Amino acid sequence: MKSQWLIKSGFFIPILFWTTTFICGFLMPGYNHVNRLVSELGEIGTKTQYLFTIGLVLTTIISIFFNIGLFRICKKNGLNIIPILILWTFSFSVLGAGIFPYPLRLHGLLGSPSIILFLSPLAALVFWKNTVIAHIKVISLLTLIIMMLGFLVFLPDFFSNYLGLKQRLFHFGWTLWFLSLSFIFNGMNNRIAKPERYT
């Protein structure tokens, strides 16, 4: 598969994830995105369990294609691949959380690796330069901050009535990061693919 399509698949990851989340939330009576966790949408016995699982598995598949495309462009441009390698924790976690529904123990165990996903923009902040990728420092810092705000979920007494909102800050963060990477790397791929003109 061409790198161009692999990179563009990054746009569909958050679209599929959020569409699955909102549809399942709409179908679940009394569900509130502000104070309830995303995992509850796929809880065992709920009528949205299998729809949620399908959505997460499809999200995982697309993310794998996306990661491969990013890796290719990094290698072609001589970029440090650490920020990209960390993205695999997302694929692994989403797949685990989808296959093993809440509240199974494996749901928490296999879904936890994505907790280090914030290290991807952090690594980009350290290893990638603005001279190679325009504005990458600002984008990395912004997404890093938003992801870190998601860790407020581990402070139950802080805005205790907004558990779902706190968790979704993390999801908002990786959404911005994935969309930014897809846009940036698609542009880099186009520059690589564009034939040189000789005068």
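The shown structure was predicted, so the numbers you read here are calculated from the model rather than taken from an experiment.

Cut-off values and rules
Residues numbered from 1 in each chain as written. Predicted model: local features only at pLDDT ≥ 70, side-chain atom pairs only at ≥ 80, totals over all residues. Heavy atoms only, no water. Helix = DSSP H or I, 4+ residues; strand = E, 2+ residues; numbered from the N terminus. Rg over C-alpha atoms; globule rule 2.2 N^0.38 Å. Buried < 20%, exposed > 50% of the residue type's maximum accessible area, 1.4 Å probe, protein only. Contact = heavy atoms within 4.5 Å. Salt bridge = Lys/Arg side-chain N within 4 Å of Asp/Glu carboxyl O. Axes fitted to C-alpha atoms, helices over the stretch in contact; angles between N-to-C directions. Parallel < 35°, antiparallel > 145°, perpendicular 65-115°, else oblique. Left-handed = near helix turned anticlockwise from the far one by under 90°. Nonpolar A, V, L, I, M, F, W, Y, C, P; charged D, E, K, R; others polar. Lys, Arg positive; Asp, Glu negative; His and termini not counted. Polar contact = N/O pair within 3.5 Å; in protein donor to acceptor, adjacent residues only side chain to side chain. Phe/Tyr/Trp six-rings, centres within 6.5 Å; stacked < 30°, edge-to-face > 60°.

1. Some details on the overall build of the chain
1) Next: When you go through the chain residue by residue, the secondary structure sums to 9 helices and 0 strands.
2) Next: When the helices and strands of the chain are listed from N to C terminus, the series reads α-α-α-α-α-α-α-α-α.
3) Next: In terms of C-alpha radius of gyration, the chain reaches 18 Å, essentially the compact-globule figure of 16 Å for 199 residues.
4) Next: Within the chain, buried positions represent 43% of all 199 residues.
5) Next: The contacts of the chain with a sequence gap of at least 6 include a subset with a gap of at least 24, amounting to 68%.

2. What to know about the pattern of salt bridges
1) Next: Taken as a whole, this structure holds 1 salt bridge when the rule is applied.
2) Next: Arg36 is paired through a salt bridge with Glu40; the nearest N and O atoms lie 2.9 Å apart.

3. Quick look at unusual backbone geometry
1) Next: The residue after Tyr102, namely Pro103, is reached through a cis peptide bond having omega 10 degrees.
2) Next: Turning to its location among the elements, Pro103 is positioned in the loop between helix H5 (88-99) and helix H6 (105-111).
3) Next: In this structure, His135 is a non-glycine residue whose phi angle is positive, near 65 degrees.
4) Next: With respect to the secondary-structure elements, His135 resides in the loop between helix H7 (119-127) and helix H8 (136-149).
5) Next: Look at Phe159: it is not a glycine, yet its phi comes out positive at around 50 degrees.
6) Next: Along the chain, the position of Phe159 falls in the loop between H8 and helix H9 (163-193).

4. Considerations on the packing of H7 against H8
1) Next: Viewed as axis vectors pointing N to C, H7 and H8 meet at an angle of 155 degrees, and their least axial separation amounts to 8 Å. Put simply, H7 runs roughly antiparallel to H8. Relative to H8, the crossing made by H7 is left-handed. Together, Pro121, Leu122, Ala124, Leu125 and Val126 of H7 and Lys137, Ser140, Leu141, Thr143, Leu144 and Met147 of H8 make up the contact between the two elements.
2) Next: Its residues assigned to classes, the contact of H7 with H8 shows 8 nonpolar, 2 polar and 1 charged.

5. Some words on the side chain of Arg168
1) Next: As for its placement among the helices and strands, Arg168 is situated in helix H9.
2) Next: Among buried charged residues, Arg168 stands out as having no salt bridge; its nearest opposite-charge side chain is Glu40, 7.6 Å away.
3) Next: A polar contact of 2.9 Å, which involves the side chain of Arg168, links it to the backbone oxygen of Arg36.
4) Next: Contacts of Arg168, omitting those with residues within four sequence positions, involve Trp18, Thr21, Tyr31, His33, Arg36, Leu37 and Val38.

6. Remarks on the environment of Thr20
1) Next: By the element assignment, Thr20 lies in helix H2 (residues 12-27).
2) Next: Expressed as a C-alpha distance, the spacing of Thr20 and Lys2, which sit 18 residues apart in the sequence, is 27 Å.
3) Next: For Thr20, the residues in contact, after removing those within four places along its chain, are Leu51, Phe52 and Gly55.

7. Quick word on the packing of aromatic side chains
1) Next: Taken as a whole, this structure holds 13 aromatic pairs when the rule is applied.
2) Next: Between Phe17 and Trp18, the ring centres sit 5.4 Å apart and the planes meet at 85 degrees, which makes this aromatic pair edge-to-face.
3) Next: Overall, Phe17 belongs to the buried group, its relative accessible area being 4%.
4) Next: For the pair Phe90 and Phe178, a centre-to-centre distance of 5.0 Å together with 65 degrees between the ring planes defines the contact as edge-to-face. Taken together, the positions of Phe90 in helix H5 and Phe178 in helix H9 put the pair 88 residues apart, joining distant regions of the chain. One exposure class covers both Phe90 and Phe178, and it is buried.

No statement about biological role is implied by the geometric values presented.
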